[in-house]
Amino acid sequence: MLTPSIPILAYHKIDDRPDFGITSRKIAHFKEDLRLLEARGYHSITFKDLDAGISVPEKAVIITFDDGYASFHDLALPLLLERGFRAVVFIPTAYVGRENSWDVQWGQHHYKHMDVEQIVACHRAGIEIGSHLVQHLFPGLLSDAVLEYEMAASKKQLSEWTNEEVISLSYPFGKYDPRAIRAARGHYRYAVGQSSPAFPGEELSALFLPRINVYRMDSSARIIKKMEQAVQGHFSLRDRLIQKGAWATVALQYLKFSQKNVRKIKRHAEIN
Ligand SMILES: [Zn+2]
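Now for a quick tour of the structure.

Residue position: Pro57 is located in the loop between helix 2 (47–51) and strand 3 (60–66). Taking the C-alpha atoms as reference, Pro57 lies 8.6 Å from Ile45; in sequence the two are 12 residues apart.

Next comes the structure, spelled out in C-alpha cells:
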C-alpha cells in the first residue's frame, strides 16, 4: 500500500520574483524546507524506487515538481543534491525549451521550461522524470482520442530522451476523473493529483494519489505539519479551498483556446 503512509509534496516554481500565483516558492524558503525535512529525519524516495520494491524508510517523503521549469534545474536541483534529496519532475512535453504560454499570466513574468539537455542532466543526477501530458490541458475536456494521445505521446517522448521508461504522471491542474484514471492506467503505474482524493470512500489507488501543495505563504514548519496530517488522512481545508480556485485557471486557459465548451467546465466544477 503506497499512501497515505508516504506524504507527497507538490512544488511548482522556485523563484524569488513576485508572482500573483501562490505556487511559486522563494529560494530561501525552499532551502529552509529542505533543511527542516532533513532535521526531522525525512528521506526522499521516488516512484521508481517504489516500483523497484525498495524497503521504504520510516520517514519517507516524495518531493514532486510540476511543469518542469528551468528554475528546477538551475536552483532546486543543486539544493536538493546538497542535502541528498531526490525528486520527481513532471514535464508537459510540448513546452520543453519554451516559455509557459499555456499558463494564465497572473503576473507579468514569463517562466522558461527546461530544455531537453536540462531534463537529461536532471535525470542523470537521479531525478525521476514523469509526464505532465503534452499540452498541459485539463484531461476532463479532452476527447477520448486526444486524451489517449496525450498520455501515450508524452510518455514516449520523455522515455526516449531519458532512455528509461517513464512510469509516473501528474494530471494537469491536479484534476482527474474516472475516465482520466482509466486512460492513465494503460500507460503509467503511478499518478498524482492535488489535495484530497476526489473519490472519498474509495481505496487510495496508485493512479490517483493526493499530494500536499506547497504554497508561497506556507512556513516550512507548516509544510511538515501538513505532511503529518496527510499521513493521518487529513488535508487542510484551506488548501482544498485554494485548490477549488484552480478551476478559474482551467476556465481561463480554456477560454484562450476555445469559447465553446465553457458549460462543460462548469459541469465539471459542479461535480467536484
Ligand atoms: Zn501543471
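There's more to say after this.
Time to look at the pairing of strand 3. Among the seven residues of strand 3, six are classified as buried, and the element is accordingly described as predominantly covered. When strand 1 (residues 8–11) meets strand 3, the two strands line up parallel, connected through four bridges. Within strand 3, the position partnered with Tyr11 by the bridge is Phe65. Pairing between strand 2 (residues 43–44) and strand 3: two bridges, direction parallel.

At a minimum axis separation of 9 Å, helix 5 (residues 144–162) and helix 6 (residues 178–185) run at an interaxial angle of 40°. Considering the angle they form, helix 5 stands oblique to helix 6. Note that helix 5 runs across helix 6; the crossing there is right-handed. In this structure, helix 5 uses Leu147, Glu148 and Met151 to contact helix 6, whose residues at the interface are Ala180, Ala183 and Ala184. For the contact of helix 5 with helix 6, the class distribution of residues is five nonpolar, no polar and one charged.

Mapped onto the fold, Leu133 is located in the loop between strand 5 (128–131) and helix 5. Assessed through the 28 C-beta atoms surrounding it within 10 Å, Leu133 is described here as buried. Spatially, the C-alpha atom of Leu133 lies 7.8 Å from that of Ala153, the residues being 20 residues apart in sequence. Beyond its immediate sequence surroundings of up to four residues, Leu133 is in contact with Pro92, Glu150, Met151, Ser154 and Pro172.

Notably, Asp67 is not glycine yet its phi reads approximately 90°, a positive angle. Looking at where Asp67 falls in the secondary structure, it is placed in the loop between strand 3 and helix 3 (70–82). Residue classification places Asp67 among the buried positions, given that 25 C-beta atoms sit within 10 Å. In the Ramachandran plot, Phe173 falls in the positive-phi region, its phi being about 65° despite a non-glycine side chain. In this structure, Phe173 sits in the loop between strand 6 (168–170) and helix 6.

Rules of the game
Residues numbered from 1 in each chain as written. Predicted model: local features only at pLDDT ≥ 70, side-chain atom pairs only at ≥ 80, totals over all residues. Helix = DSSP H or I, 4+ residues; strand = E, 2+ residues; numbered from the N terminus. Buried ≥ 20, exposed ≤ 12 C-beta atoms within 10 Å, placed from the backbone. Pairing = 2+ DSSP bridges. Axes fitted to C-alpha atoms, helices over the stretch in contact; angles between N-to-C directions. Parallel < 35°, antiparallel > 145°, perpendicular 65-115°, else oblique. Left-handed = near helix turned anticlockwise from the far one by under 90°. Contact = placed C-beta atoms within 7 Å. Nonpolar A, V, L, I, M, F, W, Y, C, P; charged D, E, K, R; others polar.

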